[in-house]
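# Survey of secondary and tertiary structure
Spelled out from the first residue to the last, the chains are:
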Amino acid sequence: MAEMLEVSGITKRFGGLVAVNNISFSVREKEILSVIGPNGAGKSTLFKLISSFLKPTTGEVRLKGERISGMAPHIAARKGVVRTFQETTIFKNMSVRDNVVIAHHLRSKASLLGFFLGTGVAKADEVAFGASADEILALLGLSSLANETARNLPHGHLRALGIAIGLATDPSILLLDEPFAGMNHDETMRMVAMVRRLRDLGLTILLVEHDMPAVMKISDRIVVLNFGQKIAEGTPSEIQANEKVIEAYLGSEDEAIGL
Amino acid sequence: MTRNRNIKIASVAAFLAIVFIAVPAAISASGHFDLYYTLTSVALLSIASAGVWLTFYIGRINIGQGAYALMGGYISAILVMNYGWSFWLTLPVAGLFCAAASVLIGLPILRLRGVYFAMVTLVLTEVARLLALALPITNGAKGIVSIPLPGALSVFGLTIIPDFATLQNSRLAFYLLAVTLMVICFGVMYRLVNSRIGKLCQSLQQNEELASSIGVNIAYLRIIAYAVSSFFGGVAGAIFAAISQSIYPSSFTVTDSVNFMLNCFLGGLGYVFGPMLGTLVLYFGWDLLFQTGQFQLLIYSGLMIVLMLVLPNGLLSLAASIRKKA
């Protein structure tokens, strides 16, 4: 399988603190790769580096061979690397449907002036975005909530909306930041099924997550971080058998890594 | 859908009929000609306030519109007095100059959010005043006075606007100029807000990080909105200078900047026409309280506080809630 995203020798220092130290791995096309690690392992920093919300101190991130690290986040998004957020980050005063429609902005062919003047291209964009938004809402089971104001949504649906916003940008690779955080068992299983369905539809997914059982269930491959270093990489069964990983999670290893 | 559209067209027509026909007719019937001046001021202040409203719409508290109004006034005055330009040409030039200046100023300061942006813009008005005092071309505290009234505007030998100095009633002419520009300004604003640009602005206001993650060039959009806002400020300032035939460093001060912001608050930050209503109510409210003498400011401030507590979304939220109930 071809490589979609390549992280090579990436390091991020905050003053004297090395948050991410010389990490390399790659994400293959149409796979689900999870990055796991204990608190403070550098997962969030790595996530921000890949989505270009932070600039690496050294090293680089390449998408289909093209360097994207160091670009502004909106440029990286245009190239096809799109992230979701850990918190319930949505446009909370817009309707659910408007949230998804606006996220189609990347695909718009009309210019700002075109939108102002209401040109034919702009109108065609509007219609296409609306149709695509309805499709995405149906896929994520949000159709019945389309006209609800986003801030009124329950927790699980908010997370789904976050993913819907990401999908609307038509990404090459979707980065999910702790998609299962704060969910109960049933919600987590539903989300696992949803993420797998996205992968089956042809999407490449990189996710950062705490919830071990879910990660073991969902991932094609896993990268494990500890203290800013990569300590292991492999399939879920390889990771479960890895000495270093067990050591990193010492104390609650059995339960935590889903054994 | 079509019914909605018909209501919209009818209300726009009614509004135009009121400002262009009913108000002048009522004033000439009653003989209160000084009302022209008051209403002209309201129209111009509402244009400047509309600019402030637009910066609110992208999530920035702008207390610096006075700086651009002052700048626009000086640009127009200097071009007319020193270079003999026609006022009509200086009007768009003043707006464009302010827009260009706001791009330069906005590049660094629009990165700031919340109270930090507000503080910087507050200082901006004061900087503009001090600059006007210090620069040789602005003639210091003496200001620029005896600016001639706007001359005739003709295209291909056809006179579109007569020379204001030859008119018997230049107050009416200024009134018509101001409301025409106000109608254009709010027309543009309405279109902006109801096109995709409005949704993009809202996305900035609600979550800049998320907006940027879905590919919105937030820095560019912020600059555009701020430039449009400052353009309105500059145009309003230029006409003010023409009406009063003078401009001083104290023509627009921090108080004016704060008032522009209050106009938006009072009318409603969620409604395009909020700044227009806010300006009208605030301007007349202040005048009506004049009889209360030394208590004017006290009553005025008290009423403002009560209004903001009772109607945090502005006066127009009242109309919206009534419509919902009906």
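In this text, all values refer to a predicted model and were calculated from it rather than measured experimentally. Counting from 1, residues in each chain are numbered in the order their sequence is written. Chains carry letters from A onward and ligands carry numbers from 1 onward, assigned in written order. Only residues with pLDDT of at least 70 are given local features in this predicted model, and only at 80 or more are side-chain atom pairs given and counted; all residues enter the totals for whole chains, interfaces and linings.

### Description of the overall build of chain A
Along its length, chain A carries 11 helices and 10 strands. Over its C-alpha trace chain A gives a radius of gyration of 19 Å, about what one expects of a compact globule, namely 18 Å for 259 residues. Referenced to the eigenvectors of the C-alpha coordinate spread, the extents of chain A come out at roughly 60 × 40 × 35 Å. Partly exposed residues are those whose C-beta has more than 12 but fewer than 20 other C-beta atoms within 10 Å; with 20 or more the residue is buried, with 12 or fewer it is exposed, and the C-beta atoms are placed from the backbone. Expressed as a percentage of the 259 residues in chain A, the buried residues total 44%. We call two residues in contact when the distance between their C-beta atoms, placed using the backbone, is within 7 Å. Within chain A, residue pairs in contact and separated by at least 24 positions form 64% of the contacts whose partners lie at least 6 positions apart. Helix and strand assignments follow DSSP, with helices taken as H or I runs no shorter than four residues and strands as E runs no shorter than two, numbered in order from the N terminus. Radius of gyration here uses only the C-alpha atoms, and the compact-globule reference equals 2.2 Å multiplied by the residue count raised to the power 0.38.

### Regarding the domain arrangement of chain A
All names here are of chain A. As far as domains go, chain A holds domain 1 (28-55 + 72-80 + 171-259) and domain 2 (91-169). Between the C-alpha centres of domain 1 and domain 2 there is a distance of 27 Å. Taken residue by residue, the interface counts 10 residues in domain 1 and seven residues in domain 2. Per element, the largest residue contribution to the side of domain 1 that touches domain 2 is three residues, and it comes from helix α7 (residues 185-200). Residues were grouped as follows: Ala, Val, Leu, Ile, Met, Phe, Trp, Tyr, Cys and Pro as nonpolar; Asp, Glu, Lys and Arg as charged; and all remaining residues, including Gly, as polar. Residues that form the side of domain 1 that touches domain 2 fall into these classes: seven nonpolar, one polar and two charged. Here the bounds of each domain stem from an automatic or database domain assignment.

### Points about the nonpolar core
For this entry, the nonpolar core is defined as buried Ala, Val, Leu, Ile, Met, Phe, Trp, Tyr and Cys residues connected by C-beta atoms within 7 Å. Counting residues in each nonpolar core, the largest one holds 163 residues, and the members touching the most others are A164 of chain A together with I47 and I239 of chain B. With 17 residues, helix α9 (residues 218-244) of chain B is the single largest residue contributor to this core. When residues are assigned to domains, this core turns out to be shared by domain 1 (28-55 + 72-80 + 171-259) and domain 2 (91-169) of chain A, each giving three or more. Not counting residues within four places of it along the chain, the set of residues in contact with A164 of chain A comprises V100, I136, L137, L140 and L142 of chain A.

### Here's the deal with the packing of helix α5 (residues 120-139) of chain A against helix α6 (residues 155-168) of chain A
Residue and element names in this part refer to chain A. Axis definition: a line fit to C-alpha positions, over the contact stretch in the case of helices; interaxial angles, taken between N-to-C directions, run 0 to 180 degrees. Close contact between α5 and α6 brings their axes to 10 Å; oriented N to C, the two are set at 140 degrees. Relative to α6, the element α5 is oriented oblique. The interaxial crossing formed by α5 with α6 has right-handed handedness. Residue-level inspection shows S132, A133, I136 and L137 of α5 in contact with α6, the latter providing A164, L167 and A168. Any angle between 65 and 115 degrees counts as roughly perpendicular, while under 35 counts as roughly parallel, over 145 as roughly antiparallel, and the rest as oblique. In this scheme the handedness of a crossing depends on how the near helix is turned from the far one: anticlockwise by less than a right angle means left-handed, clockwise means right-handed.

### Section: α6 of chain A
Residue and element names in this part refer to chain A. With 14 residues, α6 extends 20 Å between its outermost C-alpha atoms, agreeing within 8% with the 20 Å of an ideal straight helix rising 1.5 Å per residue. Counting buried residues in α6 gives 11 out of 14 residues, a clear majority hidden from the surface. Restricting attention to buried positions, one finds in α6 the residues H157, R159, A160, L161, G162, I163, A164, I165, G166, L167 and A168. In the core, the buried residues of α6 are packed alongside β6 (81-83), α3 (96-102), α5, β7 (173-177) and α7. Trailing α6 by a residue or two, D170 shows a phi angle of about 55 degrees, which is positive. Here the expected length of a helix is defined as 1.5 Å per residue gap, with one fewer gap than residues.

### A look at the pairing of β7 of chain A
All names here are of chain A. The buried fraction of β7 amounts to five of the five residues, a majority that puts the element mostly inside the structure. Here β7 shows two buried faces, one formed by I173, L175 and D177 and the other by L174 and L176. The pairing of β6 with β7 spans three bridges and is parallel. Considered in β7, the bridge of V82 is made with L174. Strand pairing follows a simple DSSP-based rule, namely that at least 2 bridges must link the two strands. Direction of pairing for β7 relative to strand β8 (residues 204-208): parallel, over a ladder of five bridges. From the neighbouring strand, D177 faces β8, where its bridge partner is V208. For the handedness criterion, the strands are oriented away from the viewer, and a crossover whose path from the first strand over the helix to the second runs clockwise is classed as right-handed. Following the backbone out of β7, through α7 and into the adjacent parallel β8, one traces a crossover that is right-handed.

### Looking at helix α12 (residues 296-310) of chain B
When the terminal C-alpha atoms of α12 of chain B are compared, their 21 Å separation across 15 residues agrees well with the 21 Å that a helix rising 1.5 Å per residue should span. Counted residue by residue, α12 of chain B has zero buried out of 15 residues, so it is predominantly exposed.

### Here we look at the sheet that holds strand β5 (residues 66-67) of chain A
Residue and element names in this part refer to chain A. Judged by pairing direction, the sheet is antiparallel, and its four strands sit side by side in the order β2-β1-β4-β5 without closing on themselves. Two strands close off the open sheet at either side, each with one partner strand: β2 (17-28) and β5. Two strands pair when backbone bridges link them, and strand β4 (residues 58-63) and β5 are joined in this way by two bridges, in the antiparallel orientation. Bridge pairing in β5 links L63 to E66. Where helix α1 (residues 43-50) meets the sheet, it contacts β1 (3-14), β2 and β4, and its direction lies at approximately 60 degrees from that of β2.

### Remarks on the interface of chain A and chain B
Facing the 24 residues of chain A at the interface are 21 residues of chain B. Going through the elements one at a time, α2 (73-79), β6, α3 and α4 (112-117) of chain A are the ones with two or more residues in the side of chain A that touches chain B. Among the elements that take part in the side of chain A that touches chain B, α2 of chain A stands out by supplying four residues, more than any other. The residue inventory of the side of chain A that touches chain B, partitioned by class, reads 14 nonpolar, six polar and four charged.

### Here's the deal with the sheet that holds strand β10 (residues 229-234) of chain A
Residues and elements named next belong to chain A. Ordered in space as β6-β7-β8-β3-β9-β10, the six strands form an open sheet in which the pairing is mixed. Two strands lie at the open edges of the sheet, namely β6 and β10, each paired on one side alone. Recorded for the sheet is a direction-independent mean angle of 20 degrees between the axes of neighbouring strands.

### Topic: the environment of P249 of chain B
Residues and elements named next belong to chain B. Summarising the element assignment, P249 is placed in the loop between α9 and α10 (254-267). Among the residues examined, P249 registers 22 C-beta atoms within 10 Å and is labelled buried. Once you skip the residues sitting within four places of it in the chain, P249 turns out to touch R129, A132, L133, A141 and G143.

### A few points about unusual backbone geometry
Residues and elements named next belong to chain A. One non-glycine residue with positive phi stands out, namely K64, at about 45 degrees. As for its placement among the helices and strands, K64 is situated in the loop between β4 and β5. Its 15 C-beta neighbours within 10 Å are what place K64 among the partly exposed residues. At E178, a residue that is not glycine, the phi angle is positive and equals roughly 45 degrees. Position of E178 among the secondary structure elements: in the loop between β7 and α7.

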